[in-house]
Amino acid sequence: MENIYHIGFGVDANYAKYAGVLMTNIVLIHLGQPICFHIVCDGLYEEDKKRFESFSLLYKNVKVVLYDAVRSLSKLNPISSKAAPRLHRAVLLRILLPSLVSDDIKRIIYMDVDMLCLKRLDELWNRDMKGNIIAAAMQFPDKKKCESLNLSSNRLLAAGFMLIDVVSWKKNNITKRVFECFQKYSERFLAVEEDALNMVIDGEFLEIGDRFNFCIEVNNPLKCNIKNDIVVLHFFQEAKPWTKGCIPEIHKLYWRFVDLSLWYDVIEMKEPTTVKASFLAGVTEERKKNYKEAVKYYGATAKRLIEY
């Protein structure tokens, strides 16, 4: 197996800093391991370009490759007006990624940047893919969705974390086929590129379990129970570790790598933007006995509900 771990992200200019935190996390979890990061960008600030360059100089055995995908994305339809507000066209970058890397790269791990590694990825990187193009966690079975996508099986992959056989991906023209599918059905795809990818793959992927894509809600105490065997955390839904209301345990875990990253001075806590996130921010602050802040978020929740 190739000694260099190839790991890729897709980001717009506003999310590049979170890619920097995840890269810091991955490097520190994999000390001594040669890693090449591939970052497909929908726009990028000059300051972030400089930080990525500095990152590759700071860590031995680390390389960073940037790809400008603005023109490629501009040729595609806009994402569905019915899709969740947190989704934007940068999610399509993960489909571009395998087609952009050089032909000598045999496999690559794609990760959403709202993730964190808790353990090394060696086990996954050396996994026999058994002829599959993609290895990924399986979504909870959704018969209705599978029928709407006209799938022959009740198997849906979760595209936030994927081990991709680059050779097979290119040979089977997956990028082209997924984008053609997206162009045809873009307005009905609520999960955007994930729906298009599932329609093209049609259940033909290697299931690796949720250990590598363990979804938690960072502001919900009932949905933050992390098992000992989890390898990769996925900060799912609208609230992130940089959203006010994140429970202290998760904030501490994430901010450890923020403080060690080259982006420590530009990442700030943001206000919650949804009713649910505002309410849970109130719950978090109440648990911390910050009653003034709790009242603020409960009040914001009530106001938004009344407006709704």
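**Section: the sheet that holds strand β5 (residues 115-117)**
With mixed pairing, three strands are arranged side by side in an open sheet as β5-β10-β9. Sheet topology places β5 and β9 (214-216) at the edges, where each strand pairs with a single neighbour. Between one strand and the next, the sheet's axes are offset by a mean angle of 25°, whatever the strand orientation. In the sheet, β9 pairs with strand β10 (residues 232-235) via three bridges, with the strands oriented parallel. By the bridge assignment for β10, C215 is matched with H234.

**So, helix α11 (residues 275-287)**
In this model, α11 (13 residues) spans 19 Å end to end at C-alpha, consistent with the 18 Å of a helix rising 1.5 Å per residue. Among all positions in α11, only A277, S278, L280, A281, G282, V283, T284 and E285 are buried. Among the residues trailing α11, K289 stands out with phi positive, at a value near 65°.

**Digging into the side chain of N220**
If you trace the backbone, N220 turns up in the loop between β9 and β10. Those residues in contact with N220 that sit more than four places away from it in its chain are I247 and L280.

**Some remarks on the nonpolar core**
Ranked by size, the top nonpolar core spans 58 residues in total, and within it F9, F37, M111 and F161 carry the most contacts. Looking at this core, the element that brings in the most residues is helix α1 (residues 16-29), giving eight residues. When near neighbours in sequence (up to four residues on either side) are disregarded, M111 contacts I7, G8, F9, L22, I26, C117, G160, F161 and V232. In this structure, Y67, I105, M162 and V166 belong to the second largest nonpolar core, which totals 43 residues.

**Here's the deal with helix α2 (residues 46-58)**
For α2, which comprises 13 residues, the first-to-last C-alpha distance of 18 Å matches the rise-based estimate of 18 Å (1.5 Å per residue) to within 8%. Those residues of α2 not exposed but buried are D48, R51, F52 and F55. Buried residues along α2 cover an arc of 100° about the axis, so they all sit on one side. Exposed residues pointing more than 90 degrees away from the buried face of α2 are listed as E46, K50, E53 and L57. The inward-facing, buried residues of α2 abut α1, β2 (35-42) and β3 (62-68).

**Some remarks on the pairing of strand β1 (residues 5-12)**
The buried fraction of β1 is high, at eight of eight residues. Neither face of β1 is exposed, since Y5, I7, F9 and V11 on one face and H6, G8, G10 and D12 on the opposite face are all buried. Bridge count for β1 against β2 is eight bridges, and the pairing is parallel. Note that in β2 the partner of F9 across the bridge is I39. With respect to chirality, the unit in which β1 leads through α1 into the neighbouring parallel β2 is right-handed. The sheet contact formed by β1 and strand β4 (residues 107-111) spans two bridges and is parallel.

The rules behind each value
Note on numbering: residues in each chain are counted from 1, in written sequence order. A pLDDT threshold of at least 70 governs which residues receive local features in this predicted model, and a stricter bar of 80 or more applies before side-chain atom pairs are shown or counted, although totals over entire chains, interfaces and linings include all residues. Values reported for side chains reflect all heavy atoms of the structure, with hydrogen atoms and water molecules removed beforehand. At least two DSSP bridges between two strands are needed for those strands to be called paired. What counts as a helix is a DSSP run of H or I of at least four residues, what counts as a strand is a run of E of at least two, and both are numbered from the N terminus. All axes here are fitted lines through C-alpha atoms, helices being fitted over the stretch that makes contact, and every angle between N-to-C directions spans 0 to 180 degrees. Expected helix span is taken as 1.5 Å per residue step, with the number of steps being one fewer than the number of residues. A 1.4 Å probe rolled over the protein chains alone gives each residue an accessible area, and that area as a share of the maximum for its type sets the label: buried under 20%, exposed over 50%, partly exposed in between. In what follows, residue pairs with any heavy atoms lying within 4.5 Å of each other are defined as contacts. Definition used in this section: a nonpolar core is a set of buried Ala, Val, Leu, Ile, Met, Phe, Trp, Tyr and Cys residues joined via side-chain atoms within 4.5 Å. The arc in question is formed by the directions pointing from the helix axis toward the C-beta atoms. By the criterion used throughout, a crossover qualifies as right-handed when its path from the first strand across the helix to the second strand runs clockwise, the strands pointing away from the viewer.

Nothing here speaks to function; it is geometry throughout.
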